[in-house]
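Here's the letter readout for the chains.
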Amino acid sequence: MQTTTSISPPTDRILAGVVLMLGFCVTAPMLDVAAKLASDTIPVGQITTARFVVQCALMAPFVWAMGLSLRVAREHWLALLCRAALLLISTFCFIAAIRVMPLADALAIVFVAPFIVLLVGKFYLGEDVGPRRVGAAVVGFAGVLFVIQPSFAAFGAVALFPLGTAVGFASYILVTRGLSRRMHPVTLQFHTGLIASLLCLPGMLLAEGTGSDLLDPVWPEGFVWVLLLAVGFFATLSHMMMTYALSFAPSATLAPLQYLELPVAALLGYLVFRDFPNALALTGIAIIIGAGLYMIHRERVTARQLVTERAAPPF
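The structure presented is a predicted model; accordingly, all values stated were derived computationally and were not measured.

### Quick word on the packing of aromatic side chains
(1) Moving on: With the rule as written, the count across this model stands at 5 aromatic pairs.
(2) Moving on: Geometrically, the ring pair formed by phenylalanine 169 and tyrosine 172 is stacked, given 5.2 Å between the ring centres and 25° between the ring planes. Within this pair, phenylalanine 169 and its partner tyrosine 172 are both found in helix α7 (residues 161-179), separated by 3 residues, close to a single helical turn.
(3) Moving on: Using a relative accessible area of 5% as the deciding quantity, one classes tyrosine 172 as buried.
(4) Moving on: Here the aromatic rings of phenylalanine 233 and phenylalanine 234 are separated by 5.3 Å at their centres, their planes lie at 70°, and the arrangement is edge-to-face.
(5) Moving on: The class for phenylalanine 233 is partly exposed, based on a relative accessible area of 39%.
(6) Moving on: For the cation-ring pair, arginine 51 lies above phenylalanine 52, with the distance from its terminal atom to the ring centre recorded as 4.4 Å.

### Here we look at the side chain of threonine 27
(1) Moving on: With respect to the element layout, threonine 27 can be found in helix α1 (residues 10-38).
(2) Moving on: Accessibility expressed as a relative area gives 10% for threonine 27, which makes it buried.
(3) Moving on: For threonine 27, the residues in contact, after removing those within four places along its chain, are Phe234, Leu237, Ser238 and Met241.

### A short note on a nonpolar patch on the surface
(1) Moving on: The grouping of Leu37, Leu267, Tyr270, Leu271, Val272, Phe276 and Leu282 at the surface amounts to a nonpolar patch, some 640 Å² of accessible area in total.
(2) Moving on: Inspection of the secondary structure puts leucine 282 in helix α12 (residues 279-311).
(3) Moving on: Judged by its relative accessible area of 38%, leucine 282 falls in the partly exposed class.

### Concerning the packing of helix α2 (residues 44-65) against helix α3 (residues 77-98)
Each pair of packed helices can be summarised by the angle the axes make with each other and by the distance between the axes.
(1) Moving on: Between α2 and α3, whose axes approach to 9 Å, the crossing angle comes to 135°. Our classification of the angle between α2 and α3 gives oblique. Considering the relative orientation of α2 and α3, their crossing is right-handed. In this structure, α2 uses Val44, Gly45, Ile47, Thr48, Arg51 and Phe52 to contact α3, whose residues at the interface are Leu87, Leu88, Thr91, Phe92, Ile95 and Ala96.

### Some details on the packing of α2 against helix α9 (residues 224-248)
(1) Moving on: Between α2 and α9, the least distance of the axes is 8 Å, while the angle of their chain directions is 60°. The orientation of α2 relative to α9 falls into the category oblique. The handedness of the crossing between α2 and α9 comes out as right-handed. Side by side, α2 and α9 meet where Ile47, Ala50, Arg51, Val54, Gln55, Leu58 and Met59 of the first sit next to Leu228, Leu229, Val231, Gly232, Phe233, Ala235, Thr236, His239 and Met240 of the second.

### Things to note about the environment of threonine 49
(1) Moving on: Relative to the assigned elements, threonine 49 resides in helix α2.
(2) Moving on: Here the alpha-carbon distance between threonine 49 and alanine 196, two residues 147 residues apart in the chain, equals 7.8 Å.
(3) Moving on: Those residues in contact with threonine 49 that lie beyond four places of it in its chain are Cys200, Leu201 and Met204.
(4) Moving on: From its side chain, threonine 49 meets the backbone oxygen of glycine 45 in a polar contact 2.8 Å long.

Conventions we followed
- Residues numbered from 1 in each chain as written.
- Predicted model: local features only at pLDDT ≥ 70, side-chain atom pairs only at ≥ 80, totals over all residues.
- Heavy atoms only, no water.
- Phe/Tyr/Trp six-rings, centres within 6.5 Å; stacked < 30°, edge-to-face > 60°.
- Helix = DSSP H or I, 4+ residues; strand = E, 2+ residues; numbered from the N terminus.
- Buried < 20%, exposed > 50% of the residue type's maximum accessible area, 1.4 Å probe, protein only.
- Lys NZ or Arg CZ within 6 Å of the ring centre and 35° of its normal.
- Contact = heavy atoms within 4.5 Å.
- Patch = residues over 30% accessible without salt bridge, like charges linked within 9 Å, V, L, I, M, F, W, Y side chains within 5 Å.
- Areas by Shrake-Rupley, 256 points an atom, 1.4 Å probe, with all protein chains shown as cover.
- Salt bridge = Lys/Arg side-chain N within 4 Å of Asp/Glu carboxyl O.
- Axes fitted to C-alpha atoms, helices over the stretch in contact; angles between N-to-C directions.
- Parallel < 35°, antiparallel > 145°, perpendicular 65-115°, else oblique.
- Left-handed = near helix turned anticlockwise from the far one by under 90°.
- Polar contact = N/O pair within 3.5 Å; in protein donor to acceptor, adjacent residues only side chain to side chain.

Shown next, in the form of C-alpha cells:
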C-alpha cells in the first residue's frame, strides 16, 4: 500500500504513462498470439467468451480490495451494454481473422479505427477537424486497401473481418469517452467483462451441436486451458495498462507509441507462426503508420494554436 504523502513530479507521471503504454504494446499482441494458438482447436466464439469471463474474474478481487461500488446509475446501463457488445463484436471479428491471417496484417487493418473516430467526430458529432487531418484519414484508408488486397486474395472474405473490428472498436472508443468520466476504470472493466460474458454464454449454449467452426463449443484439453486463460489475462492486463497510462500522461504524448504494437505483432507472428506481411502489405502498413502519425502531429499543432489563441489578450 502506498503510504507516502509526497506528490510525484509531473515528469515522473508522464514517464510512468509512457512505460505503461509500452507495456500495452508488448502485452496486447501476446493476447493475439494466445488466441491464434487456441483457435487451432477451439471455436472463435468460445475463445471470445473465455476472454470476457477471465476478465470479469480477474477484476472482481480488485473491485473488492479497492472498496469500489458496483452500483451503476440507471442512465449509464444502456451505454455499458453498448460498450460491452461493441467490444464483444470487435474481439470476435479479430480472432476470426487471425485464425488464418498473419497477426500484423489483421492488426494493421484494425488501426483504421482512429481514422473512423476522427471522421465520425467531424461529420456526425460536429467536431472541429481540419482538412489536413481528414486527408490523413483518407490516406490511411488507402493504406488499408494495400493490406487487404493480398489478404483477400489469399484468405477470401475473412480478410474483411478486421474492418468489422475497426468499426466496432471505433464505436467502442466513442462510447467509452463518456463513460470514462463517470466510472472508475476498474469498475468499468469489471462491468464490461460481466455484461459481455452474459451476452456470450447464451450464444454458446444455442450453438452447441450445430457443427459451426466459429461457434460450436468444445471441451478444451491440456495446454489449451492455459491459452484460454492467457487470452483473458493479457486482454485485461493490456487494457488496464492503457487506461492507467492515459490517466498519467496526455493522450497526445502516448498516441504515437501505440503504433509500436504493429512491429511487435509482426515479430511475434514471425517467431511463433512464421508469418510475415508481404511487400504490398508492408507498404500498406507503412502508409497507415505514416498517416496516423501525421494526424497526431496535426492534432498537436491544432491544440497549441488553441492554447495560444486563448492566451492572447483581447483587443
